[in-house]
Amino acid sequence: GAPLAKALSRWLRDASLGEASCIQSIIRAIHLVRIFQTGHKKRAVPHFPSDMKDPFWPHLDYSALAEGASKVGWGRDGLMFFEMHMSFQHPETPIDQTIISVTREPSVDELFAEPTREVQLLHALARQVPDDDMLYGVSEWCHLSSRLVRTELGRDHLTSLYLRSGMRESFFESGSQAPEEEESSRVGLEAALAKLGLHSVLASEDLPQTPSAAVLERRMEGLWRMRQWGALPAESTTAAAAASPPSATATATTA
């Protein structure tokens, strides 16, 4: 019950790398209990807020478990416990919004501040997971946006295209009617195509009924690189210019 969970949590917080075998044994034991109760309850265990009144799970320090897994190089296990920690701390918030808020833009001071303990732990765990697993094997542990940021920082344009395509497909499958979501998925996918030099694909794609300035700018860049000047209708380029100030790219493509 609660005394056992608290005792394990205290020990894990103070555990050193020299006690790696003990840390691994505790993680295996936690997994066995999880698997048994998952089969018994016919749902994932633990799950918050469903298990908030359980005699054991709410008293376990999942952050300490994740750090212990990181110490012994068990990145996959650590990412799972890290997700449990965040869902326990923020049971009513989607997992992808627990670290980075989507309701406001960060200030300049926040961008240069030292990352929080949770962010540092997440980075340490992600570095222990092979790139192939980050892309294909553990999508339920690493949010898609985290993998996308990592691939774009590494200039892996092909992987970025793969992830952007998945995001675009998910948008259509969700049936969402939000125009800003459609715009974001389209612009991101077209940017990935442009970075790979697939301008012919961009040029052959049908424009939406009311294309935004960003979509038209990318289309104009592709046509310019293919030396197909004047392929866009004049009214579309005029609307794009009226929608937003001309950027450096737009200036270069229309020169």
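Above: the structure in question.
Residues numbered from 1 in each chain as written. Predicted model: local features only at pLDDT ≥ 70, side-chain atom pairs only at ≥ 80, totals over all residues. Heavy atoms only, no water.

What follows concerns the side chain of S9. Mapped onto the secondary structure, S9 falls in helix α1 (residues 2–14). Excluding residues that lie within four positions of it along the chain, S9 makes contacts with H59, L60, D61 and A64. (Helix = DSSP H or I, 4+ residues; strand = E, 2+ residues; numbered from the N terminus. Contact = heavy atoms within 4.5 Å.)

Here the focus is the packing of α1 against helix α3 (residues 62–71). Two elements in contact, α1 and α3, have axes separated by 9 Å at closest approach and are oriented at 40 degrees. Between α1 and α3, the angle falls in the class oblique. In terms of crossing hand, the pair formed by α1 and α3 is left-handed. Within the contact between the two elements, α1 uses S9, L12 and R13 and α3 uses A64, L65 and K71. The class makeup of the residues in the contact of α1 with α3 is three nonpolar, one polar and two charged. (Axes fitted to C-alpha atoms, helices over the stretch in contact; angles between N-to-C directions. Parallel < 35°, antiparallel > 145°, perpendicular 65-115°, else oblique. Left-handed = near helix turned anticlockwise from the far one by under 90°. Nonpolar A, V, L, I, M, F, W, Y, C, P; charged D, E, K, R; others polar.)

Moving on, we get to the nonpolar core. I30, F56, W57, L60, Y62, L65 and F81 are the most contacted members of the largest nonpolar core, which totals 28 residues. Secondary structure elements with two or more residues in this core: α1, α2 (20–41), α3, α4 (75–89) and α6 (117–127). In this structure F56 touches G1, L4, A5, L8 and I30, once residues within four positions along its chain are discounted. Residues L161, L189, A192 and L193 belong to the second largest nonpolar core, which totals six residues. (Core = buried A, V, L, I, M, F, W, Y, C linked by side-chain atoms within 4.5 Å. Buried < 20%, exposed > 50% of the residue type's maximum accessible area, 1.4 Å probe, protein only.)

Here we come to the environment of G78. Tracing the backbone through its elements, the reader meets G78 in helix α4. Sequence spacing of G78 and L125 is 47 residues, and the spatial spacing of their C-alpha atoms is 6.4 Å. In contact with G78, other than residues within four places in its own chain, are A66, A69 and L125.

Below, the discussion takes up unusual backbone geometry. Note the cis peptide between V45 and P46, where omega equals -5 degrees. With respect to the helices, strands and loops of the structure, P46 is situated in the loop between α2 and α3. Here the bond from F48 into P49 is cis, since omega is 15 degrees, no more than 30 degrees from zero. Even without glycine at this site, K42 takes up a positive phi of about 60 degrees. Judged by relative accessible area, K42 falls into the exposed class, the value being 73%.

On the surface, L158, L196, L198 and V201 cluster together into a nonpolar patch covering about 310 Å² of accessible area. Counting through the fold element by element, L158 comes out in helix α9 (residues 157–174). Note on L158: relative accessible area 58%, which makes it exposed. (Patch = residues over 30% accessible without salt bridge, like charges linked within 9 Å, V, L, I, M, F, W, Y side chains within 5 Å. Areas by Shrake-Rupley, 256 points an atom, 1.4 Å probe, with all protein chains shown as cover. Salt bridge = Lys/Arg side-chain N within 4 Å of Asp/Glu carboxyl O.)

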